Amino acid sequence: MRAQNGLEPFAHRCRVYYEDTDAGGVVYYVNYLKFMERARTERLRHLGFSQLELAGDNLLFVVHSSEARYHAPARLDDELRVTAQVTELNRASLRFVQQVWRCKDETLLCEGQFLVAAVRADTFKPRAIPPALRDAFLADSTGTQSNAGE
């Protein structure tokens, strides 16, 4: 799946370790969610924002809801490419569409959708995404739908 603006979505590469696998030698299903979480974090870092600095500014991102569909298994030592595309940017939330691909044969392994809410670190109440971060997401992906009034 390509980004709406024709550019490839942001991608993070990682490797499957023994700890990621189950007794059958394949990646345990919940670990795909971890791979996707890491890609979202690296997407922020790519834009110049770290989770630690954002927390210091009283901002955390929490997963409000998630959906995943599994297509094929990853195995020990596979190299993975995990995408993180923002498809919707609201006042206090982001919607990501993500995919996990095996690099050696470009097989889609898992895809998911995540609604991530911006909250205050001290109260966990919703808060607006800072303008600099909103602008960075918008500049990085012109295919993003913005609903600033929501």
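Refer to the preceding data block for the structure.
On a predicted model such as this, the values are computed, not experimentally measured, just so you know.

Participant: Sorry if this is basic, but what is going on with the overall build of the protein here?
Facilitator: Of regular secondary structure, the protein possesses three helices and seven strands. By residue count, 45% of the 150 residues in the protein fall in the buried class.

Participant: What is the right way to look at helix α3 (residues 131-140) in this model?
Facilitator: Along an α-helix, residues three or four positions apart point the same way, because every turn accommodates 3.6 residues. Within the sequence span of α3, burial applies to L133, R134, A136 and F137. In an axial view of α3, the angular spread of the buried residues amounts to 160 degrees, which keeps them on one side of the axis. Within α3, the exposed residues directed more than 90 degrees away from the buried face are P131 and A139.

Participant: Before we go on, may I ask you to explain the nonpolar core in this structure?
Facilitator: Soluble globular proteins tend to bury their nonpolar side chains together. Counting 32 residues, the largest nonpolar core has Y32, F61, L80, L133 and F137 as the members making the most contacts within it. Excluding its chain neighbours within four sequence positions, the residues that come into contact with Y32 are V27, Y70, A72, P73, A74, V100, L109 and C110.

Participant: Would you explain helix α1 (residues 29-46) in this entry?
Facilitator: Compared with the 26 Å implied by 1.5 Å per residue over 18 residues, the 27 Å span of α1 between its first and last C-alpha is a close match. The set of residues buried in α1 consists of N31, Y32, F35, M36, A39, R40, T41, R43 and L44. Backbone geometry just after α1 places G48 at a positive phi near 100 degrees.

Participant: I tried to follow the side chain of R102 on my own but got confused; where do I start?
Facilitator: For R102, the location among the structural elements is in strand β5 (residues 93-102). Side-chain polar atoms of R102 contact the side chain of D78, separated by 3.5 Å.

Participant: Would you mind going over the environment of L33 with me for this structure?
Facilitator: Positionally, L33 belongs in helix α1. Taking the C-alpha atoms as reference points, L33 and G112, separated by 79 residues in sequence, lie 8.5 Å from one another. Beyond its immediate chain neighbours, meaning those up to four positions away, L33 contacts A68, Y70 and F114.

Participant: How should the pairing of strand β4 (residues 85-90) be read in this particular structure?
Facilitator: Most of β4 is tucked away, with six of its six residues classed as buried. In the sheet, β4 pairs with β5 via four bridges, with the strands oriented antiparallel. Each bridged residue has a counterpart across the sheet, and for L89 the counterpart in β5 is L94. As consecutive antiparallel partners, β4 and β5 are separated by two residues.

Participant: What am I meant to see in the environment of L108 here?
Facilitator: Secondary-structure assignment places L108 in strand β6 (residues 107-120). As for L108 and R81, which are separated by 27 residues in sequence, their C-alpha atoms are 9.5 Å apart.

Participant: Looking at this structure, I do not really get the pattern of salt bridges. What am I missing?
Facilitator: A side chain of one charge can pair with a side chain of the opposite charge if their charged atoms are brought near each other. In this structure the tally under the stated criterion is nine salt bridges. D105 is the partner of R102 in a salt bridge, and the nearest nitrogen-oxygen pair spans 3.1 Å. You can call D105 partly exposed: its relative accessible area is 40%. Ionic pairing is found between R120 and D122, a salt bridge with its closest N-O pair at 2.9 Å. Residue R120 is classed as partly exposed on the basis of its relative accessible area, which comes to 33%. Since its relative accessible area comes to 49%, D122 is described here as partly exposed. Among the charged side chains, a salt-bridge network with shared partners connects D78, R102 and D105.

The rules behind these values
Residues numbered from 1 in each chain as written. Predicted model: local features only at pLDDT ≥ 70, side-chain atom pairs only at ≥ 80, totals over all residues. Heavy atoms only, no water. Helix = DSSP H or I, 4+ residues; strand = E, 2+ residues; numbered from the N terminus. Buried < 20%, exposed > 50% of the residue type's maximum accessible area, 1.4 Å probe, protein only. Arc of directions from axis to C-beta. Core = buried A, V, L, I, M, F, W, Y, C linked by side-chain atoms within 4.5 Å. Contact = heavy atoms within 4.5 Å. Expected span 1.5 Å × (residues − 1). Polar contact = N/O pair within 3.5 Å; in protein donor to acceptor, adjacent residues only side chain to side chain. Pairing = 2+ DSSP bridges. Salt bridge = Lys/Arg side-chain N within 4 Å of Asp/Glu carboxyl O.

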